[in-house]
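Residue-level structure breakdown
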4 protein chains.
Amino acid sequence: MDAQKRAGNHSDAASPSSNCKPELGSRAAFEWKVRVYYEDTDLGGVVYHANYLRFMERARTEWLRSLGFEQDMLRSQHSLQFVVIGAALKFHRPARFNDELQVSVSVTDIGRASLAMHQDVHVIGAEHMHVCSGEVCAACIDAYTFKPRSLPREILMELAK
Amino acid sequence: MDAQKRAGNHSDAASPSSNCKPELGSRAAFEWKVRVYYEDTDLGGVVYHANYLRFMERARTEWLRSLGFEQDMLRSQHSLQFVVIGAALKFHRPARFNDELQVSVSVTDIGRASLAMHQDVHVIGAEHMHVCSGEVCAACIDAYTFKPRSLPREILMELAK
Amino acid sequence: MDAQKRAGNHSDAASPSSNCKPELGSRAAFEWKVRVYYEDTDLGGVVYHANYLRFMERARTEWLRSLGFEQDMLRSQHSLQFVVIGAALKFHRPARFNDELQVSVSVTDIGRASLAMHQDVHVIGAEHMHVCSGEVCAACIDAYTFKPRSLPREILMELAK
Amino acid sequence: MDAQKRAGNHSDAASPSSNCKPELGSRAAFEWKVRVYYEDTDLGGVVYHANYLRFMERARTEWLRSLGFEQDMLRSQHSLQFVVIGAALKFHRPARFNDELQVSVSVTDIGRASLAMHQDVHVIGAEHMHVCSGEVCAACIDAYTFKPRSLPREILMELAK
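The shown structure was predicted, so the numbers you read here are calculated from the model rather than taken from an experiment. (Residues numbered from 1 in each chain as written. Chains lettered and ligands numbered in written order. Predicted model: local features only at pLDDT ≥ 70, side-chain atom pairs only at ≥ 80, totals over all residues.)

Some points on the overall build of chain A
Within chain A, the secondary structure is distributed over four helices and five strands. Beginning at the N terminus, the succession of helices and strands in chain A can be written as α-β-α-α-β-β-β-β-α. For chain A, the proportion of its 161 residues judged to be buried stands at 37%. Counting only contacts in chain A whose residues sit at least 6 apart along the sequence, the fraction spanning at least 24 positions is 65%. (Helix = DSSP H or I, 4+ residues; strand = E, 2+ residues; numbered from the N terminus. Buried ≥ 20, exposed ≤ 12 C-beta atoms within 10 Å, placed from the backbone. Contact = placed C-beta atoms within 7 Å.)

Right, here's the structure in full:
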């Protein structure tokens, strides 16, 4: 990956992480709104816990779209797909039917073939109640062989902004 | 499809349907058990209506398996896939968390490239409560071109038993 | 229900339906956009059939909201809930990941305690491809006893506009 | 909670953890089988990542049932409900349509009002492929006030076996 190679020069020797990691820009977190429908709730009257992973993925999809990357094009033109390889979730409070949620995406680390992101879910409203947070790690793979693939240079360049 | 061609002889002329329809055997309905989990319920405390379509498909998958047909093999070896093209559902009573359901499959009509099935969902228990019924039509298509495909002869032979 | 009682006068005698049915206005169909995410697809690469029932309910929820009715308020303040009691779906063509769908809601019949609606799903784009249509019947029930309840007068008045 | 109070005697002083934690028995992991259906897959041809949380909850439900605890009874008779408050998942390899999965449950820690569990998902078969693992923390709450509740003594006694 060119961006990584370019970073691997001698003057970076004192900073071990700098020669193996692409740069991470200082963008504000991306935010996406999600409405809670009947389908998202369970008999407890609140959002079923597994559905936060769906909400978080919707936000990541819209974040990539906002950067100019359509995942169907990445797949059809570059055989490239992102897959979740790890997710650590904390469920702070319950969200309910009809709540409008704000789901954030912030990149926390960029690997050769993976991205680590922090994601928060808040209920939109006066209290801005924090309902869920997650650390999600997505790997970039070949959509057909499932082998790891370097993150595309275009995505790295966007992330460095 | 050979089975259909063979059936199309002159002696069948008086019976218009017999030369375009494979035979339907007299099997009893296939039955499959499904447990209701948290994920299946909504805030009303009952099974979310769309999930009955999922339960009905589980039963159809297990019914095909019971006849000796694995859908992953049909797909990988014969590029063949079943897709639902129509479903008419009636929701009679609600099923609840922890209920054990019995989902039936009965073939009601066999077309050249489609199957019509009646499916019932009951709560297993003293009252055998009838919660949902559906008429589901599944078409046989090529898994890659999505074009209609004749039902495989092996399946027709099983259905005629 | 007052709206229905008022309609039951003598001058309507020649029109049997008019004294048992509230009026249906001439609103254009309500439209709601739904994006297809990974969670909505299956291994066939297309939207899993049961998910159209979820999309249709999202549109109905937003349609009620557009008329001024929040279902969480109907539930908490009036113990009133809508439940789907019937749905007849036709799946015309497959929608795919990343498609933006337009889901419509048109009331086709108003009963004492139920609403019949026609819903269409199109892919937004040059071809406006028609992917799915459905006739959905929702009953108005008490959220706790599950017994039928007359449609609220406020909703009937909105539907008559 | 009585079990905890009884444990808090002086002879335990040298073992700080013993007076605040109920005992954890030496049961083998509970195992539950889950079949992968169309509904569980996504366009990548594999199980959609969020669905592993559903599979893990099915296994926990069946594990509680195997110990003699039905969650609908806990809810209706004791106003008691378990909710997931944390989950850390690693997705090692993809599971596919038609795979039969084995989902395990092992209690790793018992708190006053919570349970920590390790759960593994393997594909049943010659290779016993490890597809997913998770650390799941469930809290015991009042089903109506959502306030924390001590784990019922009966459950603690079962867990100590």
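Looking at the interface of chain D and chain A
Contact with chain D, which involves 17 residues of that partner, is made by 18 residues of chain A. Put simply, the parts of the chain that give the side of chain D that touches chain A at least two residues each are α2 (51–66) and β2 (80–91) of chain D. Sort the elements by how many residues they give to the side of chain D that touches chain A and β2 of chain D lands first, with nine residues. For the side of chain D that touches chain A, the residue count by class is eleven nonpolar, four polar and two charged. (Nonpolar A, V, L, I, M, F, W, Y, C, P; charged D, E, K, R; others polar.)

Digging into the relation of the copies chain D and chain A
Its rotation angle being 180°, the transformation that places chain D on chain A also includes 0.0 Å of axial translation and leaves an RMSD of 0.0 Å. Both copies of the chain, as the preceding transformation shows, are related through a two-fold rotation axis. If distances are taken from each C-alpha of chain D to the rotation axis, the shortest is found for Ala88 of chain D, at 2.0 Å. By residue overlap, the copies meet face to face through one surface: 100% of the interface positions of chain D are interface positions in chain A. (Least-squares fit on C-alpha atoms with pLDDT ≥ 70 in both.)

Thoughts on the sheet that holds strand β3 (residues 100–110) of chain D
Read across the sheet, ten strands follow the order β1(A)-β3(A)-β4(A)-β5(A)-β2(A)-β2(D)-β5(D)-β4(D)-β3(D)-β1(D) without closing on themselves; strand pairing throughout is antiparallel. For this open sheet the edge positions go to β1 (30–35) of chain A together with β1 (30–35) of chain D, each flanked by a neighbour on one side alone. Averaged over all neighbouring strand pairs, the angle between strand axes comes to 30°, with direction disregarded. Examined bridge by bridge, strand β2 (residues 80–91) of chain A and β2 of chain D share five bridges and lie antiparallel to one another. Opposite Leu89 of chain A, over in β2 of chain D, you have Ala87 of chain D as the bridge partner. In this fold helix α2 (residues 51–66) of chain A packs onto β1, β2, β3 (100–110), β4 (114–123) and β5 (130–142) of chain A, with an angle of close to 65° to the strand it touches most, β3 of chain A. (Pairing = 2+ DSSP bridges. Axes fitted to C-alpha atoms, helices over the stretch in contact; angles between N-to-C directions.)

Remarks on α2 of chain A
Compared with an ideal rise of 1.5 Å per residue, which puts 16 residues at 22 Å, α2 of chain A spans 23 Å between its outermost C-alpha atoms and is within 8% of the ideal. Among the residues of α2 of chain A, those classed as buried are Asn51, Tyr52, Leu53, Arg54, Phe55, Met56, Glu57, Ala59, Arg60, Thr61 and Trp63 of chain A. (Expected span 1.5 Å × (residues − 1).)

A closer look at the sheet that holds strand β4 (residues 114–123) of chain B
Judged by pairing direction, the sheet is antiparallel, and its ten strands sit side by side in the order β1(B)-β3(B)-β4(B)-β5(B)-β2(B)-β2(C)-β5(C)-β4(C)-β3(C)-β1(C) without closing on themselves. Every interior strand has two partners, whereas the edge strands, β1 (30–35) of chain B together with β1 (30–35) of chain C, have only one. Strand-to-strand twist of the sheet, defined as the mean angle between neighbouring strand axes without regard to direction, takes the value 30°.

Some details on the interface of chain C and chain B
Contact with chain C, which involves 18 residues of that partner, is made by 17 residues of chain B. Elements with a contribution of two residues or more to the side of chain C that touches chain B: α2 (51–66) and β2 (80–91) of chain C. For the side of chain C that touches chain B, the leading source of residues is β2 of chain C, giving ten residues. A class-by-class count of the residues in the side of chain C that touches chain B yields twelve nonpolar, four polar and two charged.

Here's the deal with the confidence of the model for chain A
Segments scoring low in pLDDT should not have their predicted coordinates read at a detailed level. Residues and elements named next belong to chain A. Looking at chain A as a whole, its pLDDT mean stands at 88, while 87% of the residues score no less than 70. Of the regions scoring below 50 in pLDDT, residues 1–19 engages in 17 contacts with residues more than four places distant in sequence or in other chains. Interface confidence for the predicted complex, given as ipTM, is 0.85, next to a pTM of 0.87. (pLDDT = per-residue confidence, 0-100.)

Some details on the relation of the copies chain C and chain B
Each copy of the sequence occupies a distinct position, and chain C is placed on chain B by a rotation of 180° and an axial shift of 0.0 Å, giving an RMSD of 0.0 Å. A shared binding surface is used by both copies, with 94% of the interface residues of chain C retained as interface residues in chain B.

Points about the environment of Glu158 of chain A
Residues and elements named next belong to chain A. Within the secondary structure, Glu158 is located in helix α4 (residues 153–159). Residue class for Glu158 comes out partly exposed when judged on the 16 C-beta atoms lying within 10 Å of it. Note: C-alpha distance between Glu158 and Asp99 (59 residues apart in sequence) is 32 Å.

Observations regarding the environment of His128 of chain D
Residue placement: His128 of chain D occurs in the loop between β4 (114–123) and β5 (130–142). Distance from His128 of chain D to Ala116 of chain D, taken between C-alpha atoms, is 25 Å for residues twelve residues apart in sequence.

Some thoughts on the environment of His130 of chain B
Inspection of the secondary structure assignment puts His130 of chain B in strand β5 (residues 130–142). Through-space distance from the C-alpha of His130 of chain B to that of Val107 of chain B is 19 Å; in sequence the pair is 23 residues apart.

Some remarks on unusual backbone geometry
Unlike most non-glycine residues, Ser79 of chain A shows phi in positive territory, near 50°. With respect to the secondary-structure elements, Ser79 of chain A resides in the loop between α3 (71–78) and β2. In this structure, Phe146 of chain B is a non-glycine residue whose phi angle is positive, near 65°. Position of Phe146 of chain B relative to the elements: it lies in the loop between β5 and α4 (153–159). Accessibility expressed as a C-beta count within 10 Å gives 16 for Phe146 of chain B, which makes it partly exposed.

Thoughts on the pairing of strand β3 (residues 100–110) of chain B
Residue and element names in this part refer to chain B. Bridge count between β1 and β3: six bridges; the pairing is antiparallel. When the sheet's bridge partners are listed, Arg35 is paired in β3 with Glu100. Strand direction decides the pairing type here: β3 and β4, joined by seven bridges, are antiparallel. For Val107, the partnering residue across the bridge sits in β4 and is Met117. The turn joining β3 and β4, which pair antiparallel and follow one another in sequence, is formed by three residues.

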